[in-house]
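Reading the structure
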Amino acid sequence: MDDQGLREQLHRAGYIADEALATTLWLAGELQRPLLLEGDAGVGKTALALALAQAGGRRLVRLQCHEGLDLAQAAYEWNYGRQLLAIRLHETQGDQVVERDLFARDYLLERPLLQAIASETPAVLLIDEIDRADEAFEAFLLEVLADYQITVPELGTITARHVPQVILTSNGTRELSDALRRRCLYHWLDYPTLAREIAIVRSTLPQAESALVEQSVAFVQRLRREDLGKTPGVAETLDWVRALHRLSFKTLPDDPHALLATLGCLLKTREDRFQVGSERVQQLIEGRRAGVAERA
């Protein structure tokens, strides 16, 4: 399968990828290299990994990164509760506890990294928001991605039967190391163009009126040009169009007061909500009728 075939598979899975993204993603799979996706929150980084797994019929394994993430949460830990119960059971039966029995694979709790490495079927490993983890975890992750294997001292080295397709996402809250960037292929995921976002909404919400979709997406595209604290992403666009459809709108209403109550779908901070009042909403609506050119 080539990059165009992958693009079509993603489309069938509900993800509208442009040619550059599909090509980079296909190359990452062919070269067995991780793909680092950077971009603002809400542009579809996580959704790409979900669609990739669905498109390829692969298992999705997700590691949500956060500050203080450690080996036990990311790779593996021993089931100490079961080990303790086994010790007590041996004691009641008068048996001697053998250490190798307590550190058998049955007592190992697999966390996302080991789950992906040890998976008996091909998997997609999503390492979400890697920029939220600290540098120590990033260094450990580099070791895992170098050879796609994890060493458990009590068991030995576990090597991937099927090299997982790895996608790392970052919102840019922390600068990543040069070593990690060199290890990965890279793609910057920007907010979609008007035409692509309309296609995304139509694919996800086919029941919504075509005019409503086009006008609502154009409104959101103009709204993103405002000086907002949190720019609405594609997920917010989908929520808003879904809300307008549920309210039985077939087109975007001319009355700004009819939209104000729905802006909680798009604006997620008090400052942004205060900034975009009825007068500004009216101007954003009129941008459509004033013939403002939109970039496709």
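Let us look at the structure shown here.

Conventions we followed
- Residues numbered from 1 in each chain as written.
- Predicted model: local features only at pLDDT ≥ 70, side-chain atom pairs only at ≥ 80, totals over all residues.
- Heavy atoms only, no water.
- Phe/Tyr/Trp six-rings, centres within 6.5 Å; stacked < 30°, edge-to-face > 60°.
- Helix = DSSP H or I, 4+ residues; strand = E, 2+ residues; numbered from the N terminus.
- Buried < 20%, exposed > 50% of the residue type's maximum accessible area, 1.4 Å probe, protein only.
- Salt bridge = Lys/Arg side-chain N within 4 Å of Asp/Glu carboxyl O.
- Core = buried A, V, L, I, M, F, W, Y, C linked by side-chain atoms within 4.5 Å.
- Contact = heavy atoms within 4.5 Å.
- Axes fitted to C-alpha atoms, helices over the stretch in contact; angles between N-to-C directions.
- Parallel < 35°, antiparallel > 145°, perpendicular 65-115°, else oblique.
- Nonpolar A, V, L, I, M, F, W, Y, C, P; charged D, E, K, R; others polar.

As a further point, take the packing of aromatic side chains. Applying the stated rule across the entire model yields 3 aromatic pairs. Both rings, one in Trp 78 and one in Phe 103, keep their centres 4.9 Å apart while their planes meet at 90 degrees; by these two values the pair is edge-to-face. Remark: Phe 103 occurs in the loop between helix 6 (99-102) and strand 4 (108-110) and Trp 78 occurs in strand 3 (residues 76-78); sequence separation between them is 25 residues. Under the relative-accessibility criterion, Trp 78 is labelled buried at 5%. Arranged with centres 6.3 Å apart and planes meeting at 45 degrees, the rings of Phe 137 and Phe 140 form a pair that is tilted. Here Phe 137 pairs with Phe 140, and both are found in helix 8 (residues 135-147), just 3 residues apart, close to one helical turn.

Right, let's get into the pattern of salt bridges. Under the counting rule described, the total for this entry stands at 15 salt bridges. Of the charged contacts, one joins Glu 138 and Arg 174 as a salt bridge, the two residues approaching to 2.8 Å between their closest N and O atoms. Of this pair, Glu 138 sits in helix 8 while Arg 174 sits in the loop between strand 8 (165-170) and helix 9 (178-183), and the two are 36 residues apart along the sequence. With respect to class, Glu 138 is no different from Arg 174; both count as buried. A salt bridge links Glu 226 to Arg 280; the nearest nitrogen and oxygen atoms lie 2.6 Å apart. Taken together, the residues Glu 226 in the loop between helix 11 (210-223) and helix 12 (234-246) and Arg 280 in helix 15 (residues 278-289) connect sequence positions 54 residues apart. For Arg 280, a relative accessible area of 25% puts it in the partly exposed group.

With that out of the way, let us pick up the nonpolar core. Membership of the largest hydrophobic core comes to 37 residues, with the highest contact counts inside it found for Leu 113, Ile 127, Ile 130, Phe 137 and Leu 168. No other element matches helix 7 (residues 112-118), which puts 5 residues into this core. Once you skip the residues sitting within four places of it in the chain, Phe 137 turns out to touch Leu 63, Cys 65, Leu 69, Ala 74, Leu 113 and Ile 130. Counting 23 residues, the second largest nonpolar core, distinct from the first, contains Leu 6, Ala 17, Leu 52 and Tyr 191.

Along the chain, Ser 203 turns up in helix 10 (residues 194-204). Look at Ser 203 and you get partly exposed, because its relative accessible area is 33%. In this structure, the C-alpha to C-alpha distance between Ser 203 and His 11, residues 192 residues apart in sequence, is 8.7 Å.

With that settled, consider the packing of helix 1 (residues 3-12) against helix 3 (residues 45-56). Direction vectors running N to C along helix 1 and helix 3 enclose 100 degrees, while the axes themselves pass 8 Å from each other. One finds that helix 1 runs roughly perpendicular with respect to helix 3. Where helix 1 approaches helix 3, its residues Leu 6, Gln 9 and Leu 10 are matched on the opposing element by Leu 48, Ala 51, Leu 52 and Ala 55. Here the contact of helix 1 with helix 3 is composed, by residue class, of 6 nonpolar, 1 polar and no charged.

The quantities given are spatial measurements derived from coordinates; they are silent on function.
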